[in-house]
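# Observations on the model geometry
If you want the building blocks of each chain, they are given just below.
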Amino acid sequence: MAAVASPRPITVTINGTVYERDVEARKLLIHFIRDDVDLTGSHIGCDTGNCGACSVILNGTLVKSCMLLAVQADGATIETVEGLADGGELTTLQQSFSDHHALQCGYCTPGMLMSAKALLEENPRPSEEEIRKAIQGNICRCTGYVNIVEAIKSAAK
């Protein structure tokens, strides 16, 4: 019988708060964020990297947190959807999603917002084609994407 690896200590900064935890080597980053740190805004969708519901920004790069182990994030700075609003106030991007009815069931919304944030930080004035490309890793089964694209275009203005 194979020996189970003992938990490993990691330190991450999520939305400006430092967290130190012991984690099992096999724990996915999304499960660490949701279960160990209790930030449940990022959703678990597919666990295969296809849907984008778990998207977060790790050291400035958009990643699907179901595709990374928590130990791989040791020392990293992570932004989740909970970190978008400042002092309870919606960001322009969040307000634009609301104004343009860019969500229905809301399951994909955290990943869409994080993908849009990453795009707008890299390219503050994206074309519609660039917006569509940036969100292509996020599946939405409700909206048809039109209002999501319009919300991102509006936030970019």
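Computed from a predicted model, the values in this text were never measured in an experiment.

### Structural notes on the packing of helix H2 (residues 92-99) against helix H3 (residues 109-122)
Look at H2 against H3: their axes get within 10 Å of each other, and the N-to-C directions meet at 130°. Compared by their axis directions, H2 and H3 come out oblique. For the pair H2 and H3, the crossing hand works out as right-handed. Across the interface between the two elements, Leu 93, Gln 94 and Phe 97 from H2 touch Thr 109, Met 112, Leu 113, Ala 116, Lys 117 and Leu 120 from H3. Broken down by class, the residue content of the contact of H2 with H3 amounts to six nonpolar, two polar and one charged.

### Focus: the packing of H3 against helix H5 (residues 146-156)
Contact geometry of H3 with H5 gives a least axis separation of 11 Å together with a crossing angle of 35°. Here H3 and H5 pass one another in a crossing that is right-handed. Listed contacts from H5 to Met 112, Ala 116, Leu 119 and Leu 120 of H3 are Ile 148, Ile 152, Ala 155 and Ala 156.

### What about the pairing of strand S1 (residues 8-14)?
By the bridge criterion, seven bridges tie S1 to strand S2 (residues 17-23) in an arrangement that is antiparallel. Across the sheet, the residue bridging to Pro 9 is Asp 22, located in S2. The turn linking S1 back onto S2 is made up of two residues, and Asn 15 within it adopts a positive phi angle of 55°. With two bridges joining them, S1 and strand S5 (residues 77-79) adopt parallel strand pairing. Paired with Thr 13 across the two strands is Thr 77, which belongs to S5.

How each quantity is defined
- Residues numbered from 1 in each chain as written.
- Predicted model: local features only at pLDDT ≥ 70, side-chain atom pairs only at ≥ 80, totals over all residues.
- Heavy atoms only, no water.
- Axes fitted to C-alpha atoms, helices over the stretch in contact; angles between N-to-C directions.
- Helix = DSSP H or I, 4+ residues; strand = E, 2+ residues; numbered from the N terminus.
- Parallel < 35°, antiparallel > 145°, perpendicular 65-115°, else oblique.
- Left-handed = near helix turned anticlockwise from the far one by under 90°.
- Contact = heavy atoms within 4.5 Å.
- Nonpolar A, V, L, I, M, F, W, Y, C, P; charged D, E, K, R; others polar.
- Pairing = 2+ DSSP bridges.

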